[in-house]
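Fold and contact review
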Amino acid sequence: MDKDLVIGIDSSTSATKAIAWDRSGHAVAEGRKSIALSNPQPGWFEQDSREWWSSTATALRELTGKVDPRRVASLAISNQRETMGTFTETGEPLRPGTVWLDERARAEVTSFGRTFGAERVHAISGKPLDVLPCLYRVIWLAEHEPGVFARTQRFSDVHGYLTFCLTGRWTTSTASADPMALLDMRSHTWSPEILAAIGLDSARLPALVRPGTQTGEVTTEAAVATGLIAGTPVIAGGGDGQCAGTGAGITSPGKSYVNLGTALVSGSYGKAYAYDLAYRTETAVAEEGYIYEICARTGTFLVDWMVGVMLSGAPGAADRAALLARLEKEAAESPIGAGGLILLPHWLGCMNPHWDTYARGVIAGISGSTRPGHLFRAVLEGLALETAEGTNRIVASSDSPIDLMVAIGGGSESDLWLQIMADAAERPVQRSITREASSLGAAMAAAKGAGWFGTIAAASEAMASRPARLFEPDTRRAARYRELRAIHADLWPLISQWNARLAAFTEQSGA
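Computed from a prediction, not measured in an experiment: that's the story for all the values here.

1. Description of the sheet that holds strand β3 (residues 27-34)
Ordered by their spatial adjacency, 6 strands build an open sheet running β3-β2-β1-β5-β14-β13, and the pairing between neighbours is mixed. Edge positions in the open sheet fall to β3 and β13 (214-217), since each of these has one partner strand only. Direction aside, neighbouring strands of the sheet carry axes that sit 25° apart on average. Sheet topology note: the β13/strand β14 (residues 233-239) ladder contains 3 bridges and is antiparallel.

2. As for the packing of helix α1 (residues 49-64) against helix α5 (residues 158-167)
Their axes nearest at 10 Å, the elements α1 and α5 cross at an angle of 60°. On the basis of the axis angle, α1 is oblique to α5. As α1 runs across α5, the sense of the crossing is right-handed. Residues Ser 49, Arg 50, Trp 52, Trp 53, Thr 56 and Leu 60 of α1 lie in contact with α5, whose contacting residues are Val 158, Tyr 161, Leu 162, Cys 165 and Leu 166. Looking at the contact of α1 with α5 residue by residue, the class counts come to 8 nonpolar, 2 polar and 1 charged.

3. Some remarks on the sheet that holds strand β23 (residues 467-471)
One open sheet accounts for 7 strands, arranged β17-β18-β16-β15-β21-β22-β23; its pairing is mixed. Either end of the sheet is taken by a strand with one partner, and the two such strands are β17 (280-283) and β23. With strand direction ignored, the average angle separating the axes of adjacent strands in the sheet is 30°. Sheet topology note: the strand β22 (residues 429-432)/β23 ladder contains 4 bridges and is antiparallel. When the sheet's bridge partners are listed, Gln 430 is paired in β23 with Leu 470. Helix-sheet contacts for helix α9 (residues 240-247) involve β15 (254-260), β17, β18 (290-296) and β21 (402-408), and the interaxial angle to β15 is about 125°.

4. Re the packing of aromatic side chains
All told, the structure shown has 13 aromatic pairs when counted by the stated rule. Ring plane angle 10° and centroid distance 4.9 Å describe the contact between Phe 112 and Phe 116, whose orientation is recorded as stacked. Separated by 4 residues within a single helix, Phe 112 and Phe 116 lie in helix α2 (residues 106-125), roughly one turn from each other. In this structure Phe 116 comes out as buried when scored by relative accessible area, which is 8%. A centroid spacing of 5.3 Å and a plane angle of 50° characterise the contact between Tyr 279 and Tyr 292, whose relative ring orientation is tilted. Pair noted here: Tyr 279 is in the loop between β16 (264-270) and β17 and Tyr 292 is in strand β18, with a separation of 13 residues, a long-range link. Each of the two residues, Tyr 279 as well as Tyr 292, counts as buried. Each member of the aromatic cluster is reached from another via a ring pair, and the members are Trp 52, Phe 87, Tyr 161, Phe 164 and Trp 170. Positioned above the aromatic ring of Trp 452, the side-chain terminus of Arg 23 is 4.3 Å from the ring centre.

5. Examining the environment of Asp 474
Turning to its location among the elements, Asp 474 is positioned in the loop between β23 and α16 (475-509). Sequence-wise, Asp 474 and Arg 104 are 370 residues apart; in three dimensions their C-alpha atoms are separated by 44 Å. Setting aside residues up to four positions removed in sequence, Asp 474 forms contacts with Gln 419 and Asp 423. A distance of 2.9 Å separates the side chain of Asp 474 from the backbone nitrogen of Arg 477, its partner in a polar contact.

6. Some remarks on the packing of α9 against helix α14 (residues 437-449)
Think of two packed helices as two axes; the pair is described by the angle between the axes and how far apart they sit. It is at 7 Å that the axes of α9 and α14 come closest, and there the two elements cross at 80°. Classified by the angle between their axes, α9 and α14 sit roughly perpendicular to one another. In this structure, α9 uses Asp 240, Cys 243, Ala 244, Thr 246 and Gly 247 to contact α14, whose residues at the interface are Ala 437, Ser 438, Leu 440, Gly 441, Ala 442 and Met 444. Tallied by class, residues from the contact of α9 with α14 come to 6 nonpolar, 4 polar and 1 charged.

7. Comments concerning the pattern of salt bridges
One pass over the structure, following the stated rule, counts 33 salt bridges. Through salt bridges that share partners, Arg 81, Glu 82, Lys 127, Asp 178, Asp 240, Arg 280, Glu 282 and Glu 293 make up one connected network.

8. Focus on a nonpolar patch on the surface
Taken together, the side chains of Trp 498, Leu 502 and Phe 505 make up a nonpolar region of the molecular surface, amounting to roughly 350 Å² of accessible area. Note on placement: Phe 505 falls in helix α16. Taking relative accessible area as the criterion, Phe 505 reaches 55% and is therefore assigned exposed.

9. Description of the pairing of β22
Along β22, one buried face is formed by Val 429 and Arg 431 and the opposite face, lined by Gln 430 and Ser 432, is buried too. Pairing analysis gives 3 bridges linking β21 to β22, with the strands arranged parallel. When the sheet's bridge partners are listed, Met 405 is paired in β22 with Val 429. Handedness of the crossover joining β21 and β22 through helix α13 (residues 415-425) is recorded here as right-handed.

10. Some thoughts on the state of the cysteines
Counted under the stated rule, the structure contains 0 disulfides. Sulfur of Cys 134: no disulfide; nearest cysteine sulfur belongs to Cys 295 and is 15 Å away. When its relative accessible area of 0% is taken as the criterion, Cys 134 is described as buried.

11. Some remarks on the layout of surface pockets
Space inside the largest pocket adds up to approximately 940 Å³. Within the residue set of the lining of the largest pocket, elements represented by two or more residues are β2 (15-21), α9 and α14. Considered class by class, the residues forming the lining of the largest pocket number 15 nonpolar, 12 polar and 10 charged. By volume, the second largest pocket amounts to about 700 Å³. Every residue lining the second largest pocket is counted, 26 residues in all, and those nearest its centre are Glu 103, Arg 106, Tyr 358, Arg 360 and Glu 507. At the level of elements, α2 and α16 are the ones that each hand at least two residues to the lining of the second largest pocket. Broken down by element, the residue count for the lining of the second largest pocket peaks at 8 residues, all from α16. Partitioned by chemical class, the residues of the lining of the second largest pocket number 13 nonpolar, 7 polar and 6 charged.

Thresholds, definitions, all that
Residues numbered from 1 in each chain as written. Predicted model: local features only at pLDDT ≥ 70, side-chain atom pairs only at ≥ 80, totals over all residues. Heavy atoms only, no water. Pairing = 2+ DSSP bridges. Helix = DSSP H or I, 4+ residues; strand = E, 2+ residues; numbered from the N terminus. Axes fitted to C-alpha atoms, helices over the stretch in contact; angles between N-to-C directions. Parallel < 35°, antiparallel > 145°, perpendicular 65-115°, else oblique. Left-handed = near helix turned anticlockwise from the far one by under 90°. Contact = heavy atoms within 4.5 Å. Nonpolar A, V, L, I, M, F, W, Y, C, P; charged D, E, K, R; others polar. Phe/Tyr/Trp six-rings, centres within 6.5 Å; stacked < 30°, edge-to-face > 60°. Buried < 20%, exposed > 50% of the residue type's maximum accessible area, 1.4 Å probe, protein only. Lys NZ or Arg CZ within 6 Å of the ring centre and 35° of its normal. Polar contact = N/O pair within 3.5 Å; in protein donor to acceptor, adjacent residues only side chain to side chain. Salt bridge = Lys/Arg side-chain N within 4 Å of Asp/Glu carboxyl O. Patch = residues over 30% accessible without salt bridge, like charges linked within 9 Å, V, L, I, M, F, W, Y side chains within 5 Å. Areas by Shrake-Rupley, 256 points an atom, 1.4 Å probe, with all protein chains shown as cover. Right-handed = clockwise from strand over helix to strand, strands pointing away. Disulfide = S-S within 2.5 Å. 1 Å grid on protein atoms, 1.4 Å probe; cavity = no way out; pocket = protein on both sides within 12 Å on 5 of 7 lines; lining within 4 Å. Points joined across faces, edges and corners; volume = space filled by probe spheres on them.

Now the structure itself:
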């Protein structure tokens, strides 16, 4: 039987999807299983690590019930980043896995930055000091749960654990491992300096390979659990953000992807290693190169929050779809600047360029004339302005041009949002018809690993979907957004010290 399919496994925060793709990048069939998320204490976000595998096995069984598994040439993994589990050598979890949303290690970020050096960790790992990377939760575990730390034989990202479950080998992709901030980004090896500083031996971490490299084969046990054929090659994929970029066709300089998902993540490709506070640097899902990435931790999360919390009491709010349509219409009729509103989307802290985990959201300029449509437009503009500012900083600091932005994710369905993006960034925005870019990016790595293409870039060229629509910036609107962008950029520096005082007051009061 012709092996005419590859599988991209997308293990995200909320669900695992297993999608079979053909050589042209068309999705043939899908399986899906949700994953539970717990919030046992304020700032703690955890998952049962075993669900990463059980959800994957269930999704694959559903998929292999729809397509003959003998058609599968290979499979690869895209995984939620900055999420980590603690395991025995045989894969038994010793405590719940900590998810990228987790903020328990704020104090460890500060102390490690002081003792190791903020600039030093940034230069090695490509990650400015921030609460997201697993590095700081490893330190937290050593200090607060030393027994678990001592018994842990494998500290692993999701990719490494799923690879172990599929193949019996603890192996992960460099493009999945580097968000942990334990990797030396120049050598693509676990950093001896950082590991020595936190008392962690590299033998307690998965082995590292580049994306597109075979990590093993599906074992007989995994075949029974998933419906796959034993011996099916398993190929290294990468973190979901980088996989999404590859799935959107961002494998050379000149373009960036804008993933309008729960978080708003945008990145561009560059061959040379560079690091700057304007972005964080990730390993590309490719044979070489890096992704310069900006991130607002609130994307469609903030849109949903605004609709569900602030505007759910508006007339006609019982029908959410109708409410969204009405708000978008009102926002489209509102002027640039949303009637005098500036919104800073720091509901879950600020990453680039300020790297302040204590940052919180701001809506400035509210008056008695403010209407729901103004608030809704302010959300879209706030996120668009952050993206525009970050994109310009990438170009300025990395010497990597960005002439086109490719929009993916659920938020890309909004014509209004994409037009605001184009006008604010002064660049054309192309909507991709791919709604599962992370899975597709993993499938491209699998296609290269299966020998269909010589490189992941060639796989991306052949399999990336054609764009659905191009949004060109309007000269007049772009000039107005240029003015607004300057006002927006000035706001956080003006109030950051005030915000720090408020955060300290809130923590002291136990609120």
